[in-house]
Amino acid sequence: MEKEKLHPEYDIYIDIAKEDIHLLIYLVEAEAHIMNVRKKQENGYFKIIVPAGLVDEALTLLNSLKNSDIKVEVISIEPHNGII
């Protein structure tokens, strides 16, 4: 994948209700090695770190939650800044 040559990891910032974060973590942990769930950032968004080769798969999973009780919106995808 071309993204892997540019950056090995990407940060996906999402907007999610505080009460839904634990459900998101359960779902992500069920999908082994796709995402590394981090924490709410200073900008108010929740940060997820994803290997470049799994960005599309991670986005598919996050976007599939739109049809569930978990309200999540992908805000941005950026090259990983090295900050956990």
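Scroll up to find the structure this text is about.
Residues numbered from 1 in each chain as written. Predicted model: local features only at pLDDT ≥ 70, side-chain atom pairs only at ≥ 80, totals over all residues. Heavy atoms only, no water.

### Some remarks on the overall build of the chain
Thought 1: The helix and strand inventory of the chain stands at three helices and four strands.
Thought 2: Across the chain, helices and strands are ordered from the amino to the carboxyl terminus as α-β-α-β-β-α-β.
Thought 3: For 84 residues, the compact-globule estimate of 2.2 N^0.38 gives 12 Å, and the chain sits close to it at 12 Å.
Thought 4: Dimensions of the chain along its principal axes, counting C-alpha atoms only, are 35 × 25 × 20 Å.
Thought 5: Counting over 84 residues, the chain shows a buried share of 35%.
Thought 6: Long-range contacts, defined here as pairs at least 24 residues apart, represent 72% of the contacts in the chain between residues at least 6 apart.
Thought 7: Just so you have it, the chain exposes about 5300 Å², and 52% of that area is on carbon and sulfur atoms.
Thought 8: The centroid of the 9 positive side-chain charges in the chain is displaced by 4 Å from the centroid of its 15 negative side-chain charges. (Helix = DSSP H or I, 4+ residues; strand = E, 2+ residues; numbered from the N terminus. Rg over C-alpha atoms; globule rule 2.2 N^0.38 Å. Buried < 20%, exposed > 50% of the residue type's maximum accessible area, 1.4 Å probe, protein only. Contact = heavy atoms within 4.5 Å. Areas by Shrake-Rupley, 256 points an atom, 1.4 Å probe, with all protein chains shown as cover. Lys, Arg positive; Asp, Glu negative; His and termini not counted. Charge placed at Lys NZ, Arg CZ, Asp CG, Glu CD.)

### A closer look at the pattern of salt bridges
Thought 1: On inspection of all chains with the given rule, the structure shows one salt bridge.
Thought 2: Among the ionic pairs, K47 bridges to D11, the shortest N-O distance being 3.5 Å. Here D11 lies in strand β1 (residues 9-16) and K47 lies in strand β3 (residues 46-51), a separation of 36 residues in the sequence. Of the two residues, K47 and D11, neither departs from the other in class, the shared state being buried. (Salt bridge = Lys/Arg side-chain N within 4 Å of Asp/Glu carboxyl O.)

### Comments concerning the environment of I34
Thought 1: Among the secondary structure elements, I34 is positioned in the loop between α2 (21-30) and β2 (36-40).
Thought 2: I34 sits in the buried class, given a relative accessible area of 5%.
Thought 3: On a C-alpha basis, the gap between I34 and A52 in space is 10 Å, while along the polypeptide they are 18 residues apart.
Thought 4: Residues contacting I34, with those up to four places away along its chain left out, are I49, V50, P51, L54, E57 and A58.

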